[in-house]
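What follows is each chain in one-letter form.
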Amino acid sequence: MSTAWGERLDKLHESRQLLYTLPVDQLHELPGRPNVVFSIKDYREDKVQGALECRSDMPFLFKAFETGQIGPRRLSRLVGDKPRNATIHEYLDWTVTGVEAQQEGEYDFSGFRLLVLLPRERVMWPAPGQYDKPEPKKHPLLGAPLDPLPGLQVKGKPLSAATIRTGPGYIEVPFVATHENKRGRGFGRCVVEAVEEVARAIGVKKLLLCSTREESVSKTWKHLGFHETNEEQLAGWDVEDGDLVHMQNTLQMHKDVPPQRAWQPLIVKHQAFVARVYMPADKQALSASRSQAMRPGRHDMGATSGYKSSMATSVATNGSLSNASYGGDANGDEQQQQQQHEQAG
């Protein structure tokens, strides 16, 4: 890639168009996570109003980084008319609204969108025939392999969010946060999985994440498969300092996007209730899923457990429950999957 500022920025802008091919404000199913859905949001149309709207929609994203930091108004009062550094508050506003650089030496925030994790609505006692048919997927390559059953609905406000944009061969993730009352329940992992879904849908092989240097934070990211990135690696990927958004006292981390996991669909039925869930098709992952689902005190709280999780685990273990059936290989032929689904239904 060219090192001339204008030419390089043009190439970066071109690579950022990939994310724009995906639909916004649509719900997508995350396989293996029956209690959540994810959506892509775009706040770029009106920079001022967009920042205010995003702050209203997901205040936890801003609170996580701004707490204890000096804001732009107070800093302006302190320094007067003298040149000053931008604040984290401004960085966040510019990121979520995709503000473009106006001259060389400025950070370019263009191309960002928000990936949002939301709680999924479950109608446990539906009227007969109300929720017993699949809803077409909003994008053929995004989310769970089959059409959602029942259709996707949201119950409540965002749980977690990440700012994302594409670059040449990577997705950049500078800001990630989970609602302060929802932490420790697996929603951060779900956001990473959703970003990986986006990466696979557009053919991107690498995630680049900005983390604070706090040991507990970087340890969490390492647990999710990220590794610390050095300057030699960035140079090898043709990533320069101004290509990414990063702040003081942060470190860059990376992760190769894993291939799509093989999923086994499972149809769960009880009277008028019907739903499709997904279990890992490989034995090792399935065993880990059973162990996690059977941990005490977690069945009605987090992203991986919740509705019918113990039933699904029991069926996967011994296949003995009459009100559930398998729906075919989620990674096989689509027509055969639909036939199997209809037979299971």
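Residues numbered from 1 in each chain as written. Predicted model: local features only at pLDDT ≥ 70, side-chain atom pairs only at ≥ 80, totals over all residues. Heavy atoms only, no water.

Draft legend 1. Structural detail: helix α2 (residues 47-57). Along α2, the residues classified as buried are Gly50, Ala51 and Cys54. One side of α2 carries all its buried residues, which in axial view fall inside an arc of 100°. With respect to the buried face of α2, the exposed residues turned more than 90 degrees away are Val48 and Ser56. Contacts from the buried residues of α2 go to α3 (59-66), α5 (88-97) and β3 (113-119). Backbone nitrogen of valine 48 and a side-chain oxygen of the N-cap are separated by 3.2 Å at the start of α2; the cap is aspartate 46. (Buried < 20%, exposed > 50% of the residue type's maximum accessible area, 1.4 Å probe, protein only. Helix = DSSP H or I, 4+ residues; strand = E, 2+ residues; numbered from the N terminus. Arc of directions from axis to C-beta. Contact = heavy atoms within 4.5 Å. Polar contact = N/O pair within 3.5 Å; in protein donor to acceptor, adjacent residues only side chain to side chain.)

Draft legend 2. Summary view of the pattern of salt bridges. Under the defined criterion, the tally for this structure stands at 17 salt bridges. In this structure, arginine 120 and glutamate 29 form a salt bridge, with 3.1 Å as the shortest nitrogen-oxygen distance. Of this pair, arginine 120 sits in the loop between β3 and β4 (160-167) while glutamate 29 sits in strand β1 (residues 28-29), and the two are 91 residues apart along the sequence. Comparing arginine 120 with glutamate 29 shows no difference in burial state: the two are buried. Arginine 165 serves as the salt-bridge partner of glutamate 172, at 2.7 Å between the closest nitrogen and oxygen. Across the pair, exposure class does not vary: glutamate 172 and arginine 165 are buried alike. Residues joined by salt bridges that share partners form a network here, namely Arg8, Asp238, Glu240 and Asp243. (Salt bridge = Lys/Arg side-chain N within 4 Å of Asp/Glu carboxyl O.)

Draft legend 3. Region of interest: the side chain of arginine 120. Using a relative accessible area of 6% as the deciding quantity, one classes arginine 120 as buried. Dropping the residues within four chain positions of it, arginine 120 is found in contact with Glu29, Pro34, Asn35, Val36, Val37, Leu149, Pro150, Gly151, Leu152, Gln153 and Lys155.

Draft legend 4. Quick look at the side chain of glutamate 90. Assignment of secondary structure puts glutamate 90 in helix α5. Residue classification places glutamate 90 among the buried residues on the basis of a relative accessible area of 14%. Within the structure, the side chain of glutamate 90 is placed 2.9 Å from the backbone nitrogen of threonine 87, a separation counted as a polar contact. Filtering out sequence-adjacent residues up to four positions away, glutamate 90 remains in contact with Pro72 and Arg84.

Draft legend 5. Molecular detail of unusual backbone geometry. Cis rather than trans, the peptide bond between leucine 149 and proline 150 has omega equal to 0°. Checked against the element boundaries, proline 150 lands in the loop between β3 and β4. Even without a glycine there, the phi angle at aspartate 25 is positive, about 60°. Even without glycine at this site, asparagine 249 takes up a positive phi of about 60°. Checked against the element boundaries, asparagine 249 lands in the loop between α8 (231-236) and β9 (250-256).

Draft legend 6. Region of interest: the environment of methionine 58. Residue placement: methionine 58 occurs in the loop between α2 and α3. Contacts of methionine 58, omitting those with residues within four sequence positions, involve Tyr43, Leu114, Val116 and Ala161.

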